[in-house]
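Residue-level structural notes
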Amino acid sequence: MRSHRRAERVSAWRGVAFAAMIFLLAGGGGFVRAAEDAPKAQPVGDPALEARALKLGHELRCLVCQNQSIAESNAELAHDLMNQVREQLAAGKSEEEVRAYLVARYGDFVLYQPPLKASTVALWVGPFVLAFTGVFALWRALRRRAREEVPTLSAEEAARAEALLRDTDERGQS
Amino acid sequence: MKLKHLIPFFIFVALLGLFAYAFRLDPREVPSPLVGKPAPTFALPRVDAPETIVGPDDLRGRPWMLNVWATWCVACREEHAMLMRLAREEGVTLLGLNYKEIRGDASLDTSRISPREEREAALLRARDWLARHGDPYRFSVLDLEGRVAIDYGVYGVPETFLIDAEGIIRYKHIGPIDERVWREVLQPKWAALEGATR
């Protein structure tokens, strides 16, 4: 039993190490590619403005490679949209206005944090409902189990059980 | 066996149904918020006569389709014969939005090209392509930087918008049009738009 558990732990550590390696490789690869494509994206001169643009860009989802933000993606469209974000911020527009500009064209899909409305209620409330249902079911099951009567043994049955246990112990040792 | 014990099974079946449904959806097809809204206006040069600037208002009064294309787009080549058929046999008015003809072509190094050179090259390539494969468009316009395409929420080529006589976008199709797409999806919508105009 014990050694088995240790084996489990070792394999778990191996899994973590493997995942870390994959993560590093993937991250490293992404970094190299981003560096290669750097001239395509045009950071603006003002570092504060660029920081704002990047922060906003990280909240906006790329439509081509759908699991990356437009700040991370190397898709052409992501570069175009990032440049739009920069231009509009530089022209004095607020973050909210730029966000509205993109939502008007591409829909709520571009937002990593979609607004709470009728069509997105399940998305926002669903996890809490599921978690609550799970906890409630667990609580009820535990309470039922606690209330169940533990069967008591008569003196005769207890003696028999003891004898059986002793028997298996001895056999186990031999 | 009590019915209660079957509950996990029912939940499992319900989840299975949900997954089966979700697998049939295409997450790449993002619904456009522009459907039901006026087609964004633009003023772009015509491919065949770049000194003439045109916009969506030039097609007001009858339904039309805006088709986003480029010579480097393989799927556009695929749908081109279909567009020719639509223009010739179905009487569909097509406006071609040529999307990033030069800078969208991944095989070209466009880092040192001047805006004038880019425009000249784009005109040459687009005209040559239309001359060789046939021109299904009432006219095509040049969107070199892809800005008008962003206004239309374009995120790939080809894409096609159905626009009614009042200039309202009625439908957006993502990807190439083939005979099946036309027959099952676009043709009924197009017929409805034409019927409304008459």
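So, a few notes on the structure that sits alongside this text. Within every chain, residues take consecutive numbers counted from 1 along the sequence as written. Lettering for chains starts from A, numbering for ligands starts from 1, and both go in the order in which the items are written. Confidence filtering applies because this is a predicted model: local features only for residues at pLDDT of at least 70, side-chain atom pairs given and counted only at 80 or more, and all residues used for totals across whole chains, interfaces and linings.

1. Some points on the overall build of chain B
Only DSSP runs of H or I covering at least 4 residues are called helices, and only runs of E covering at least 2 are called strands; the numbering of each starts at the N terminus. Tallying secondary structure elements over chain B gives five helices and seven strands in all. Going residue by residue from the N terminus, the α and β elements of chain B occur as α-β-β-β-α-β-α-β-α-β-β-α. The globule rule used for comparison is 2.2 Å times the number of residues to the exponent 0.38, while the radius of gyration itself is calculated over C-alpha atoms. Taken against the 2.2 N^0.38 rule, which gives 16 Å for 198 residues, the C-alpha radius of gyration of chain B at 21 Å runs more than 25% over that of a compact globule. Dimensions along the principal axes, computed over C-alpha positions, put chain B at roughly 80 × 50 × 30 Å. To sort residues by burial, count the other C-beta atoms lying within 10 Å of each one's C-beta; a count of 20 or more means buried, 12 or fewer means exposed, and anything in between means partly exposed. C-beta atoms are built from the backbone. A burial count over chain B gives 34% of its 198 residues as buried. Once local pairs closer than 6 in sequence are excluded, the contacts in chain B between residues at least 24 apart make up 74%. We call two residues in contact when their backbone-placed C-beta atoms lie within 7 Å.

2. A few points about the overall build of chain A
If you tally the helices and strands in chain A, you get six helices and zero strands. Start at the N end of chain A and walk to the C end: the helices and strands fall as α-α-α-α-α-α. Within chain A, the proportion of its 174 residues that are buried is 13%. The contacts of chain A with a sequence gap of at least 6 include a subset with a gap of at least 24, amounting to 43%.

3. A short note on the nonpolar core
Counting residues in each nonpolar core, the largest one holds 60 residues, and the members touching the most others are B:Met65, B:Leu94, B:Leu97, B:Tyr99, B:Ala149, B:Phe161 and B:Ile163. Here the element with the most residues in this core is helix α3 (residues 76-90) of chain A; it accounts for six residues. Setting aside its immediate chain neighbours within four residues, B:Met65 contacts B:Val92, B:Thr93, B:Leu94, B:Thr160, B:Phe161, B:Leu162 and B:Ile163. Under the definition applied here, buried Ala, Val, Leu, Ile, Met, Phe, Trp, Tyr and Cys residues are grouped into a nonpolar core through C-beta atoms within 7 Å.

4. Overview of helix α2 (residues 47-57) of chain A
Residues and elements named next belong to chain A. Residues of α2 that are buried: Ala-53, Leu-56 and Gly-57. Viewed along the axis of α2, the buried residues span an arc of 105°, placing them on a single side of the element. Of the exposed residues in α2, those oriented more than 90 degrees away from the buried face are Pro-47, Ala-48, Ala-51 and Lys-55. On its buried side, α2 packs onto α3 and α4 (95-106). Within this analysis, the arc is defined by the directions that extend from the helix axis to the C-beta atoms.

5. So, the sheet that holds strand β4 (residues 94-99) of chain B
All names here are of chain B. Taken in spatial order, the five strands line up as β5-β4-β3-β6-β7 in an open sheet, and their pairing is mixed. Either end of the sheet is taken by a strand with one partner, and the two such strands are β5 (139-143) and β7 (169-174). Taking each pair of neighbouring strands and ignoring which way they run, the sheet shows an average axis angle of 20°. Pairing between strand β3 (residues 64-69) and β4: five bridges, direction parallel. The residue of β4 that forms the bridge with Leu-66 is Leu-95. Lying over the sheet, helix α5 (residues 179-197) contacts β6 (159-163) and β7, oriented at roughly 165° with respect to β7. When DSSP finds two or more bridges between a pair of strands, those strands are recorded as paired. A fitted line through C-alpha atoms serves as each axis, taken over the contacting stretch for helices, and the angle formed by two N-to-C directions is quoted from 0 to 180°.

6. Regarding the packing of α2(A) against α3(A)
Residues and elements named next belong to chain A. Packing of α2 against α3 brings their axes to within 9 Å, and their N-to-C directions diverge by 130°. Between α2 and α3, the interaxial angle falls into the category oblique. Taken as a pair, α2 and α3 cross one another with a handedness that is right-handed. The segment α2 lies against α3, with Leu-49, Arg-52, Ala-53, Leu-56 and Gly-57 engaging Met-82, Val-85, Arg-86, Leu-89 and Ala-90. Of the residues in the contact of α2 with α3, the class split is seven nonpolar, one polar and two charged. We call two directions roughly parallel when the angle between them is under 35 degrees, roughly antiparallel when it is over 145, roughly perpendicular when it lies between 65 and 115, and oblique otherwise. Handedness of each helix crossing follows the sense of rotation of the near helix against the far helix: counterclockwise by less than a right angle gives left-handed, clockwise gives right-handed. Classes in brief: Ala, Val, Leu, Ile, Met, Phe, Trp, Tyr, Cys and Pro nonpolar; Asp, Glu, Lys and Arg charged; the others, Gly included, polar.

7. Points about the interface of chain B and chain A
Counting residues at the interface gives 13 residues for chain B and 13 residues for chain A. Of the residues belonging to the side of chain B that touches chain A, the class tally is six nonpolar, six polar and one charged.

8. Digging into the environment of B:Leu144
All names here are of chain B. Take Leu-144: it is sitting in the loop between β5 and α4 (147-151). For Leu-144, a count of 21 C-beta atoms within 10 Å puts it in the buried group. Sequence-wise, Leu-144 and Leu-97 are 47 residues apart; in three dimensions their C-alpha atoms are separated by 9.9 Å. Beyond its immediate sequence surroundings of up to four residues, Leu-144 is in contact with Lys-100, Glu-101, Ile-102, Glu-118, Arg-119 and Ala-122.

9. Examining unusual backbone geometry
It is generally the case that most residues other than glycine have a negative phi and that most peptide bonds are trans. All names here are of chain B. Cis geometry is found at the peptide bond from Val-157 to Pro-158, where omega equals -5°. Mapping Pro-158 onto the fold places it in the loop between α4 and β6. For Lys-100, which is not a glycine, the phi torsion comes out positive at approximately 40°. Mapped onto the fold, Lys-100 is located in the loop between β4 and α3 (115-133).

10. Overview of the environment of B:Leu97
All names here are of chain B. Residue placement: Leu-97 occurs in strand β4. Put simply, Leu-97 and Arg-138 are 41 residues apart on the chain and 11 Å apart in space, counted from C-alpha to C-alpha. Not counting the four nearest positions on each side in its chain, Leu-97 is found in contact with Leu-66, Asn-67, Val-68, Val-141, Asp-143, Val-148 and Ala-149.

11. Side note on α4(A)
For α4(A), built from 12 residues, the straight-helix expectation of 16 Å at 1.5 Å per residue is met to within 8% by its first-to-last C-alpha distance of 16 Å. Listing the buried residues of α4(A) in full gives A:Val98, A:Leu102, A:Arg105 and A:Tyr106. Down the axis of α4(A), the buried set is contained in an arc of 80°. They therefore lie on one face. Facing away from the buried side of α4(A) by more than 90 degrees, the exposed set consists of A:Glu96, A:Glu97 and A:Ala100. Looking at the buried positions of α4(A), the neighbouring elements they touch are α2 and α3 of chain A together with α4 of chain B. Of the residues trailing α4(A), A:Gly107 is marked for its positive phi of about 85°. Expected span of a helix: the number of residues minus one, times 1.5 Å.

Just geometry here; none of it tells us what the structure is for.
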